[in-house]
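Overview (structure and organization)
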Amino acid sequence: MYTVAPLRRGSGGEVKIIHVPEPQRELLKQILANLKTDQPLLGVAIASSYLTGEMDEYSDLDLIIVADDVHFQQVLQERQILASNLGKLLQSVAVAPLAT
C-alpha cells in the first residue's frame, strides 16, 4: 500500500514543490505543466522517499495520478502513453477507483 501526500497549492493556486532535490524538482515542474492541460485528471500525489524525508538527488519520483470516474477507464488504457510523454517510465501500476 502506498502512503501519499498531495502536492501543496500556494495561496495563488500555484503548486508548491517542497523538499524535493533540484533534479527531481525540474522534472516535476515539467510533468505538472503537462498534466495541467489534461482535463480528465483531477490531481497528482507524490509517495515513497518524499514522504519519509529520505529523498535525495538519486531518488526516483513516485507519482499517483488521479482521474475522475467518468474518464478512469480511458486514462487507465492510455497510462503508458501518458507516462511516456512525461519522461522515462520505470513502472506503471493500475489502481481500481474508490467506491463512492
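Residues numbered from 1 in each chain as written. Predicted model: local features only at pLDDT ≥ 70, side-chain atom pairs only at ≥ 80, totals over all residues. Heavy atoms only, no water.

**With respect to the overall build of the protein**
Rules: Numbering of helices and strands runs from the N terminus; a helix is a DSSP stretch of H or I covering at least four residues, while a strand is a stretch of E covering at least two. Residue burial is assigned from relative accessible area. The probe radius is 1.4 Å, only protein chains are included, and a residue is buried under 20% of its type maximum, exposed over 50%, and partly exposed in between. Whether two residues touch is decided by their heavy atoms; if any such pair falls within 4.5 Å, the residues are in contact. Only the protein chains shown count as cover for residues, and the accessible areas themselves come from Shrake-Rupley with a 1.4 Å probe.
Each helix and strand in the protein was counted, giving 4 helices and 5 strands. Along the protein, helices and strands appear, N-terminal first, in the series β-β-β-α-β-α-β-α-α. Burial analysis of the protein (100 residues in total) assigns 30% to the buried set. Once local pairs closer than 6 in sequence are excluded, the contacts in the protein between residues at least 24 apart make up 59%. Counting every atom, the protein has about 7,200 Å² of accessible surface; 53% of that belongs to carbon and sulfur.

**What to know about the confidence of the model for the protein**
To be explicit about the condition: Summary of the metric used: pLDDT quantifies the predictor's per-residue confidence within the range 0 to 100.
Chain-level statistics for the protein give a pLDDT mean of 75 and a share of 72% at 70 or above. Put simply, strand β1 (residues 4-6) is where the protein has its lowest mean pLDDT, 47, and helix α3 (residues 72-77) is where it has its highest, 86. Contacts from residues 1-5, a stretch scored under 50 in pLDDT, to residues over four places away or in other chains number 14 contacts.

**Section: the pattern of salt bridges**
Pairing between side chains of opposite charge can happen when their charged atoms approach one another. Rule in force here: A pairing counts as a salt bridge when a side-chain nitrogen of Lys or Arg comes within 4 Å of a carboxyl oxygen of Asp or Glu.
Across all of its chains, the model carries 2 salt bridges by this definition. In this structure, Glu22 and Arg25 form a salt bridge, with 3.9 Å as the shortest nitrogen-oxygen distance. Placement of both Glu22 and Arg25 in helix α1 (residues 22-36) is noted, with a separation of 3 residues, approximately one turn of the helix. In this structure, Glu26 and Lys29 form a salt bridge, with 3.7 Å as the shortest nitrogen-oxygen distance. Taken together, the positions of Glu26 and Lys29, both in helix α1 and 3 residues apart, correspond to about one turn of that helix.

**Section: the pairing of strand β4 (residues 41-47)**
Definition in use: Here, any two strands with at least 2 DSSP bridges between them count as paired.
Counting buried residues along β4, 5 of its 7 residues qualify, which places the element largely inside the surrounding structure. Here β4 runs beside strand β5 (residues 62-67); their pairing, made up of 6 bridges, is antiparallel. Paired with Val44 across the two strands is Ile65, which belongs to β5.

**Side note on the nonpolar core**
Note the cut-off: Here the nonpolar core consists of buried residues drawn from Ala, Val, Leu, Ile, Met, Phe, Trp, Tyr and Cys, with membership extended through side-chain atoms lying within 4.5 Å.
Counting residues in hydrophobic clusters, the biggest one holds 15 residues, and the most contacted among them are Leu35 and Leu41. Where this core is concerned, the elements lending two or more residues are α1 and β4.

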